[in-house]
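Residue-level structure breakdown
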Amino acid sequence: MVERILQVTDLSVHYGAIKAVQQVNFVVNRGEIVTLIGANGAGKSTILRGISGLEKPVAGQMMFNNQDLNGLSSESRVQQGIVQVPEGRHVFPGMSVLENLRLGAYTMHDKQQFSKTLAHVFDLFPILAERKTQDAATLSGGEQQMLAIGRALMAQPKMILLDEPSMGLAPLFIQKIFDIIQQIRESGVTVLVIEQNAHQALTIADRGYVLESGQIIATGTGAELLASSQVRAAYLGG
Amino acid sequence: MSSILQQLLNGVILGSVYALLALGYTMVYGIIKLINFAHGDVYMLGAYFGYFFINVLHLNFFIALVLAMAVSAGVGVVIEFVAYRPLRQSPRIAVLISALGVSFLLENGMSYFFGSDKRAFPQAIATVQYHFGQLQISNIQLLIIGTAVVLMLGLTLIVQKTKMGRAMRAVSADQEAAILMGINVNRTISFTFAIGSALAAAGGVLIGLYYNNIDPLMGMTPGIKAFVAAVLGGIGIIPGAALGGWLIGILETLTQAIGLSDYKDAVVYGILIVILLWKPTGILGKNGREKV
Ligand SMILES: Nc1ncnc2c1ncn2[C@@H]1O[C@H](COP(=O)(O)OP(=O)(O)OP(=O)(O)O)[C@@H](O)[C@H]1O
Ligand SMILES: [Mg+2]
């Protein structure tokens, strides 16, 4: 049975006069990997920022687990189980890997749960366990991305929002990140992922949405979009 | 030689108070990038609260100190809430002007209601002088150093080991990422003002006891010097503030000791200029990595 975890209806987000997102509709079902693809400036990040509460939409509704997100602070959204990994990683510099992970668990108050989740994250990213005491700013780009994802998982999200997790990484690391995304889904977390790497994203995604100039212009299963000539021409290099 | 040592010691004592004040400047700057011009006036208010608790309520000095810190913490939180928070999205210059406004309001308000004259701070603790060879130190001086060190250790513990401290560092480092962790930024900023104001108040009460008098403008000069100390150490860097405070205190007393009393402030600002030219990010600052 499909169960909606997120339903976005007629969402519009503006930056002053710039209409970054216009009347966007999409849904994410529990346990899915859904991807949003689109060119630079299409409005992908803005949609995620609207969901996590970093931007206030000018119109539209976002229902998460049958709860209206409008009016909820970012803090409550994290508590409800929506956690965003920002574009460009944004690990906390000057703080150790472990401190970064502790901050990820900021809304969690149960010590036992914390240790359990930490063990799970270290399982997923053994490198983070090795680098526990290292300053996050000195990690490599790929390691920082793993830390950013691990940090988000520390909050025990129901749904994780990933903003271009493969950005700037070498091919080997990119593959690793996509493997991890699938493992995260298998552990029961729903995934909404933005990608420039449309091919790989559509390959692992159950469904995808194509965004252009703030509007959704195509949708389908990952395989359908991969096969679509329109998508191939615009985003997959023919 | 011994008189140089004596001056060094005096400098450390004065510097301890600058350091307490500088910590507040640096923490507030770290978290909202504001030079809180009203910070020196919170130090003044702290001294007045101490005066009130000792002179009017006849409380023990240490209880008065803790209460003055607590009340001033509340004042700091209110100042941020009323004068800075509404301007969070405004250009930085607007907040700076608001801080100047708060500073004048506190100075003139206190003068209006309680008079602008100096008033004698109660001798809550009788002075006892100790001699170590040629060196002389009083119990009050020891108390100032001791209190400053204990408060700084406490602050370090809070900032490094507690959840709130981690949140403070997170908001300072990357506010948006902190929001995504579910950190309540407003509450964290309030907490920062509370801690900074409490430290300033402690400095005010200690200096009241040391110099035996307080007045509504007593926060102006120390406020500016503590700001210089914070910049000297590296604004936004907590250990830098302590280091800068002690350095400025020592420099000031040494300048006096070599007979340049009239120029001691000029020397302090001269040093600021030199440091800024040589290393704009301050002694402990990382070169060219001012966080935006
Ligand atoms: N803070 C902002 N202020 C003004 N305009 C903005 C802001 N952030 C984004 N925009 C604009 O909104 C539009 C959508 O931006 P968004 O970051 O959502 O795109 P994106 O699809 O994530 O692009 P990319 O793939 O490059 O990350 C762009 O035209 C961008 O210039
Ligand atoms: Mg983007």
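Residues numbered from 1 in each chain as written. Chains lettered and ligands numbered in written order. Predicted model: local features only at pLDDT ≥ 70, side-chain atom pairs only at ≥ 80, totals over all residues. Heavy atoms only, no water.

Formally: UniProt positions are given in the numbering used here, feature names are shortened, and annotations may be inferred rather than shown by experiment.
Going by what an unreviewed UniProt entry lists, chain B is known as Branched-chain amino acid ABC transporter permease and is assigned to Leuconostoc holzapfelii. The UniProt entry for chain B carries this comment under Sequence similarities (unreviewed entry): "Belongs to the binding-protein-dependent transport system permease family. LivHM subfamily." For chain B, the Subcellular location (unreviewed entry) comment in UniProt is given as "Cell membrane".

As annotated in an unreviewed UniProt entry, chain A carries the name ABC transporter ATP-binding protein and comes from Leuconostoc holzapfelii. The UniProt entry for chain A carries the following comment under Sequence similarities (unreviewed entry): "Belongs to the ABC transporter superfamily."

1. With respect to the overall build of chain B
Condition: Segments assigned H or I by DSSP are reported as helices when at least four residues long, segments assigned E as strands when at least two residues long, and all are numbered from the N terminus. We compute the radius of gyration from the C-alpha atoms alone; for a globule the expected value is 2.2 Å times N to the 0.38, where N is the number of residues. Think of it in three bands: with a 1.4 Å probe and only protein chains considered, a residue is buried below 20% of the maximum accessible area for its type, exposed above 50%, and partly exposed in between. Residues count as neighbours in contact if any of their non-hydrogen atoms are within 4.5 Å of one another.
Helix and strand counts for chain B come out as 11 helices and four strands. Against the compact-globule benchmark of 19 Å for 292 residues, chain B has a radius of gyration of 19 Å, which places it among compact chains. By the burial criterion, 52% of the 292 residues in chain B qualify as buried. Nonlocal contacts in chain B, meaning residues at least 24 apart in sequence, comprise 76% of its contacts between residues at least 6 apart.

2. Side note on the UniProt feature "transmembrane region" (unreviewed entry) in chain B
The feature "transmembrane region" (unreviewed entry), as given by UniProt, occupies residues 12-32, 52-81, 93-114, 140-159, 189-211, 226-254 and 266-285 of chain B in the numbering adopted here. Helix makes up 86% of residues 226-254 of chain B and strand 0%. Its end C-alpha atoms lie 17 Å apart.

3. What about the sheet that holds strand β6 (residues 82-85) of chain A?
All names here are of chain A. Note the cut-off: Note: two strands are recorded as paired if DSSP finds a minimum of 2 bridges between them. An axis is simply a line fitted to the C-alpha atoms; with a helix, the fit covers only the stretch in contact. Between two such axes, the angle follows the N-to-C directions and lies from 0 to 180 degrees.
Overall, mixed pairing links the six strands, which are arranged β6-β7-β8-β3-β9-β10 in an open sheet. At either end of the open sheet lies a strand with only one pairing partner, and these are β6 and β10 (215-221). Strand-to-strand twist across the sheet, computed as the mean angle between neighbouring axes with direction ignored, equals 15 degrees. Bridging between strand β9 (residues 207-212) and β10 involves six bridges; their strand directions are antiparallel. The partner of Y209 across the bridge, within β10, is T219. Strands in contact with helix α1 (residues 44-52) are β3 (33-38), β6, β7 (159-163), β8 (190-195) and β9; relative to β7, the strand with the most contacts, it is inclined by about 150 degrees. Set on the sheet, helix α6 (residues 141-153) makes contact with β6 and β7; between it and β6 the angle comes to about 170 degrees.

4. A closer look at the sheet that holds strand β2 (residues 18-29) of chain A
The strands making up a sheet associate through backbone hydrogen bonding, with each pair oriented either parallel or antiparallel. Residues and elements named next belong to chain A. Taken together, four strands build an open sheet; the order of strands is β2-β1-β4-β5 and the sheet is antiparallel. Each having just a single partner strand, β2 and β5 (67-68) make up the two edges of the open sheet. Pairing analysis gives five bridges linking strand β1 (residues 4-15) to strand β4 (residues 59-64), with the strands arranged antiparallel. By the bridge assignment, T9 is partnered in β4 with Q61. Its contacts with the sheet place α1 against β1, β2 and β4, and it is angled at close to 70 degrees to β2.

5. Observations regarding helix α7 (residues 171-186) of chain A
Residue and element names in this part refer to chain A. To keep it simple, the criterion reads: A helix is expected to span 1.5 Å multiplied by its residue count minus one. Throughout, the arc means the angular range of directions from the helix axis out to the C-beta atoms.
Over its 16 residues, α7 runs 23 Å from end to end, which matches the ideal 22 Å to within 8%, given 1.5 Å per residue. Every buried residue of α7 is listed here: I174, I177, F178, I180, I181 and I184. An end-on view of α7 places all buried positions within 155 degrees of arc, on one side of the element. With respect to the buried face of α7, the exposed residues turned more than 90 degrees away are P171, L172 and E186.

6. Observations concerning the packing of helix α2 (residues 39-56) of chain B against helix α3 (residues 61-84) of chain B
Residues and elements named next belong to chain B. What counts here: When an angle is under 35 degrees it counts as roughly parallel; over 145 it counts as roughly antiparallel; between 65 and 115 it counts as roughly perpendicular; any other value is oblique. By definition, turning the near helix anticlockwise from the far helix through less than a right angle yields a left-handed crossing, and turning it clockwise yields a right-handed one. Residue type decides the class: Asp, Glu, Lys and Arg count as charged, Ala, Val, Leu, Ile, Met, Phe, Trp, Tyr, Cys and Pro as nonpolar, and the leftover types, Gly among them, as polar.
Where α2 contacts α3, the axes come no closer than 8 Å and their chain directions differ by 140 degrees. When the axis of α2 is compared with that of α3, the two are oblique. For the pair α2 and α3, the crossing hand works out as right-handed. On the side of α2, the interface is formed by V42, L45, G46, F49, G50, F53 and I54, while α3 contributes F61, A64, L67, A68, V71, S72, V75 and I79. A per-class count over the contact of α2 with α3 returns 12 nonpolar, three polar and no charged.

7. Overview of the pattern of salt bridges
All names here are of chain B. Here is the rule we go by: When a carboxyl oxygen of Asp or Glu is within 4 Å of a side-chain nitrogen of Lys or Arg, the pair counts as a salt bridge.
A full pass over the atoms with the stated rule returns 14 salt bridges over all chains. The residue R85 makes a salt bridge to E80 at a minimum N-O spacing of 2.8 Å. For the pair formed by R85 and E80, the shared burial category is buried. Each of K225, E252, K264 and D265 takes part in salt bridges that share partners, so that together they form one network.

8. Here's the deal with the interface of chain A and chain B
Test applied: Values labelled buried area give the accessible surface lost by two parts on being combined, using a 1.4 Å probe and summing over both. Between N or O atoms, a polar contact is any pair within 3.5 Å; within protein, one atom must be a potential hydrogen donor and the other a potential acceptor, and residues adjacent in sequence are included only when both atoms are from side chains.
With 23 residues of chain A at the interface, the matching set in chain B holds 19 residues. For the chain A and chain B pair, buried surface summed over both sides reaches about 1900 Å², with 62% attributable to carbon and sulfur atoms. The interface formed by chain A and chain B contains three salt bridges. Inspection of the region where chain A meets chain B yields eight residue pairs in polar contact (both at pLDDT 80 or more).

9. A look at the site of ligand 1
Residues and elements named next belong to chain A. Selection criterion: When we say a residue is near a molecule or strand, we mean one of its heavy atoms is within 4 Å of it. Areas reported as accessible are Shrake-Rupley estimates using a 1.4 Å probe. Residue values count occlusion only from the protein chains shown.
Taken together, 14 residues are adjacent to ligand 1, and G41, K44, S45, T46 and Q196 come closest. Contacts to ligand 1 include K44, whose side-chain N or O atom sits 2.7 Å from an oxygen atom. Within the side chain of Q196, an N or O atom sits 2.8 Å from an oxygen atom of ligand 1. For ligand 1, whose unbound accessible area comes to 640 Å², protein coverage reaches 63%. Of all the secondary-structure elements, those providing two or more residues to the shell around ligand 1 are β2 and α1. A total of three residues in the shell around ligand 1 trace back to one element, the largest contributor, which is α1.

10. What to know about the environment of F121 of chain B
Residue and element names in this part refer to chain B. Of note, F121 is situated in the loop between β1 (119-120) and β2 (129-132). The exposure class of F121 is buried, given its relative accessible area of 2%. For F121 and I207, which are 86 residues apart along the polypeptide, the C-alpha to C-alpha distance reads 9.5 Å. Setting aside its immediate chain neighbours within four residues, F121 contacts A47, G50, Y51, I54, V205, G208, L209, N212, N213 and I214.

11. Some details on the coordination of the magnesium ion (ligand 2)
Residue and element names in this part refer to chain A. Applicable threshold: Sodium, potassium and calcium take a 3.2 Å donor cutoff, other metals 2.8 Å, and in both cases only N, O and S atoms count; water is not among them, so sites may look incomplete.
Distances from the magnesium ion (ligand 2) to its protein donors, S45 (OG) and E87 (OE), fall within 1.9 to 2.3 Å. Of the two residues, S45 is situated in helix α1 and E87 in the loop between β6 and α3 (97-104); the sequence distance between them amounts to 42 residues. Judged by its relative accessible area of 32%, E87 is partly exposed.

12. Thoughts on the side chain of R151 of chain A
Applied cut-off: Only four residue types enter the tally: Lys and Arg on the positive side, Asp and Glu on the negative side, with His and both chain ends excluded.
Position of R151 of chain A among the secondary structure elements: in helix α6. Buried charge without a partner: R151 of chain A forms no salt bridge, and the closest opposite charge is D174 of chain B, 6.6 Å away. In this structure, R151 of chain A is in contact with P86, R89, H90, V91, F92, N100, L101 and G104 of chain A together with A177 and M181 of chain B, ignoring residues within four places of it in sequence.

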